[in-house]
Amino acid sequence: MSVLLRCENLTKSYGGTPALKDVNITLESGKIVGLLGPNGSGKTTLIKLINGLLTPTSGSIEVAGFAPGVESKKRVAYLPDNSYLNTWMSVKQIVNYFCDFYEDFRPELAYQMMAKLGISPEVRLKALSKGNKEKVCLILIMSRNALLYVLDEPIAGVDPAARDYIISTILNNYNPEATVLISTHLISDIEKILDEVIFINNGNVVLQKNVDDIREENGKSLDELFREVFRW
Amino acid sequence: MVKKLFKHEFAAYFRLMLPVEVAVLGIGIITRIIMLFENDSIIFKISGVSVWILMVLATFAGSLAMLIFAVMRYYKNLFSYEGYLSFTLPVTPAQHIIVKSVTAVVLDFIATIIAVISLCIAASGNLLTESVKAGVYLVQKLFETFNNTHLVFYIVEIALVLILGSFEKLFLYYACISIGQTAKKHRVLMAVVAYFVYDMIVWVLTTIFQIIFTVTTIAAPEFCEKVAVFITNHAYASVHTALSGIIIFEILFIALCFVISHTIIRKKLNLE
Amino acid sequence: MSWKPDKDKPICPQLCEYICLSIATGVYGAGDKLPSVREMAVTAGVNPNTVKRAYEILEFRGIVTSVRNQGTFVSENTLIAKESLENMRRQKTAEYFTDMKALGMDAEAVKKYIEEWNA
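The paragraphs below set out a description of the structure included in this document. (Residues numbered from 1 in each chain as written. Chains lettered and ligands numbered in written order. Predicted model: local features only at pLDDT ≥ 70, side-chain atom pairs only at ≥ 80, totals over all residues. Heavy atoms only, no water.)

Each side of the interface is counted separately: chain C has 18 residues, and chain A has 21 residues. When the area that chain C buries against chain A is broken down by residue, the three leading residues are Lys7(C), Asp8(C) and Arg38(C), summing to 34%. Where chain C touches chain A, the interface holds 1 salt bridge. Put simply, Asp212(A) and Arg53(C) hold a salt bridge, and the shortest N to O gap is 4.0 Å. Counting the contacts that link chain C with chain A gives 14 residue pairs in polar contact (both at pLDDT 80 or more). Top contributing element to the side of chain C that touches chain A by residue count: helix H2 (residues 37-44) of chain C, with 4 residues. (Contact = heavy atoms within 4.5 Å. Buried area = accessible area lost by both parts, 1.4 Å probe. Salt bridge = Lys/Arg side-chain N within 4 Å of Asp/Glu carboxyl O. Polar contact = N/O pair within 3.5 Å; in protein donor to acceptor, adjacent residues only side chain to side chain. Helix = DSSP H or I, 4+ residues; strand = E, 2+ residues; numbered from the N terminus.)

Below, the structure written as structure tokens:
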């Protein structure tokens, strides 16, 4: 059991406005954790800080034991909410790209998963449907043998059948040494697979708890609790 | 990792450069073909001149294209949606900047060579042999007039000035783009503004220097004469000093732009 | 899998119940190997740690046994599972009567209802 994410008094302000205030989070290995919160709650800011795309204003953040940098990036697999891939590349080219930069990338696994979807390696990303492009992005991330997977809205904008596929892929890829952090709005689809949930609002962590414990204590599903907690 | 970055940077450029260079070479070949029909007719005079204008335009366009590619690669690969991939690679910002700039300068050089080849193709035959003969004659005269050792050093220094000049121009654009990224909105516009500000500063400084220079010549003519005599007496040293001075200035400028870009990326990055 | 857990209540106990039911009704026979934690997680659509805990609870109750590096197996003695099934039946019946009471029918009325229905 190792700590894969540790935030201590993490604060990030843009100009004078704080997007994250004194955030304290510890994520242990072997968990699937949901990061839930309304728009503008600081989820994206937290995710960018984890990935080294932003620097903290104060406080500290440690990812897989390293401050965000080259060493942490080797161990983090990030799926942003919008496609960041060069569409002129073919599937094979993007797989080779990932192989080149990530030592932990498993190309056979990637090709296997894509074959099951009927996506040929020669296809250009441009030619794929939106749903298939999202699946390819997920496959690339899941084919990495990372310690921390950060998925930003992996099932938003995707049809229900594709959501099932994505959820199955996440489960199939489960590694007790690693942790998956899923940031999403679509709670009811995803709550069954979560170990823990972090509720975040206005830059503060409102709650971090085991999901079954929440159900036990509140007699409600996560979806219902979310609606209550974040009621306007 | 740096090797891999280079590999992919070159691959990305290749995709962009290929159509342009094919066009440049193609126009060279077409020019040559048209020149085959050399005669005194009006048709030839018009098409001959047109095609040569086209040839020259093509070489300029090719050069401009390389500049556009270099700026585009920096901006698009690091600050558009691609930035989400680039900056989550296990690569430092310094490595990104260095790989991009070196690739850009090297390929610009190759593009220049291709342009020269294209011109040679266009001019092949009498025109080419005459040009080459003239060039060789010039070089011989140069070696006769100047002392050999100094000339070699001059060549090295001038080469450095030119190479560093390419880097200098590129790093200026990098710094402007990076400065633009610190704004919340209209980042491209802010980059352009940064460039204008730089231009203004250069203009102000140049004007100040010109004023100082003019005033000195007027107010202290004996001093200026002494300086002029000194330079004439130590001609070689003076040129070396001047060239070295330019090189040092270029290096400092490149370092400044690099520090600006690097710091902004490391501390102030905020992708959309 | 057609199992749809109630998300209002903790999922782990519901999973235990479901596996128990499968054993008691013979879907998994005595001594059969249960799906691995990961397989069960994917089929059931739940977190692998939930499955792991469910298997641990069932082992504690004597319904399954885990063999190191080999997996989890249904106990030779399926009586405990069948007992659980019996408990589940009784509980469901109790719930049914409670629900019908809310609809204004006492036990006697419900029994008459059922007789008529069968006929």
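After presenting the structure, the write-up continues.
With that settled, consider the state of the cysteines. The final tally for this structure, using the stated rule, is 0 disulfides over all chains. With no disulfide of its own, Cys99(A) has Cys137(A) as its nearest cysteine by sulfur position, at a separation of 16 Å. (Disulfide = S-S within 2.5 Å.)

Turning next to the sheet that holds strand S2 (residues 17-28) of chain A. All names here are of chain A. With antiparallel pairing, 3 strands are arranged side by side in an open sheet as S2-S1-S4. Among the strands making up the open sheet, the edge pair consists of S2 and strand S4 (58-63). Here the average twist between neighbouring strands, direction ignored, is 20°. Across 5 bridges, the pairing between strand S1 (residues 3-14) and S4 is antiparallel. Within S4, the position partnered with threonine 11 by the bridge is serine 58. Across the sheet, helix H1 (residues 43-50) lies against S1, S2 and S4, angled at about 120° from S1, the strand it touches most. (Pairing = 2+ DSSP bridges. Axes fitted to C-alpha atoms, helices over the stretch in contact; angles between N-to-C directions.)

For the coordinates displayed, the defined rule picks out 24 salt bridges over all chains. In this structure, Asp212(A) engages Arg215(A) in a salt bridge whose closest nitrogen and oxygen atoms are separated by 2.9 Å. Taken together, the residues Asp212(A) and Arg215(A), both in helix H8 (residues 211-218) and 3 residues apart, mark about one turn of the helix. For the pair shown, Asp212(A) and Arg215(A) are each scored as buried. What you see here is one network of salt bridges that share partners, running through Glu191(A), Asp212(A), Arg215(A) and Arg53(C). (Buried < 20%, exposed > 50% of the residue type's maximum accessible area, 1.4 Å probe, protein only.)

Next up on the list: the side chain of Glu82(B). All names here are of chain B. Assignment of secondary structure puts glutamate 82 in the loop between helix H2 (42-79) and helix H3 (83-86). Engagement of the side chain of glutamate 82 in a polar contact is seen with the side chain of lysine 76, the distance being 3.0 Å. In terms of polar contacts, glutamate 82 uses its side chain to reach the side chain of asparagine 77, at 2.9 Å.

Looking now at the arrangement of the chains. For the 2 pairs of chains in contact, the largest share of contacts goes to chains A and B. In this assembly chain B lies apart from chain C, the nearest approach of their C-alpha atoms being 28 Å.

Let us look at the packing of helix H4 (residues 93-123) of chain B against helix H6 (residues 148-181) of chain B. The relative placement of two packed helices is expressed as an angle between their axes plus a distance between the axes. All names here are of chain B. Closest axis-to-axis distance for the H4/H6 pair is 10 Å, and the angle between their directions is 135°. Between H4 and H6, the crossing angle belongs to the class labelled oblique. In this structure, the crossing between H4 and H6 has a hand that is right-handed. For the pair H4 and H6, contact is made by Ile97, Lys100, Ser101, Val102, Ala104 and Val105 and by Ser166, Phe167, Leu170, Phe171 and Tyr174, respectively. (Parallel < 35°, antiparallel > 145°, perpendicular 65-115°, else oblique. Left-handed = near helix turned anticlockwise from the far one by under 90°.)

Further remarks concern the environment of Thr59(B). All names here are of chain B. Within the secondary structure, threonine 59 sits in helix H2. In the structure, threonine 59 is positioned 84 residues away from phenylalanine 143 in sequence and 30 Å away in space, judged by C-alpha atoms. Sequence-distant contacts of threonine 59, defined by excluding residues within four places in its chain, comprise Ala115 and Leu119.

What follows is about the interface of chain B and chain A. Listed as interface residues are 24 residues of chain B and, on the opposing side, 21 residues of chain A. Overall, the association of chain B and chain A removes approximately 2300 Å² of surface from exposure, summing both partners, and the carbon and sulfur fraction of that is 62%. Taken together, chain B and chain A are joined by 1 salt bridge. Our enumeration of links across chain B and chain A arrives at 8 residue pairs in polar contact (both at pLDDT 80 or more). Secondary-structure elements contributing two or more residues to the side of chain B that touches chain A are helix H1 (2-36), H3 and helix H9 (235-268) of chain B.

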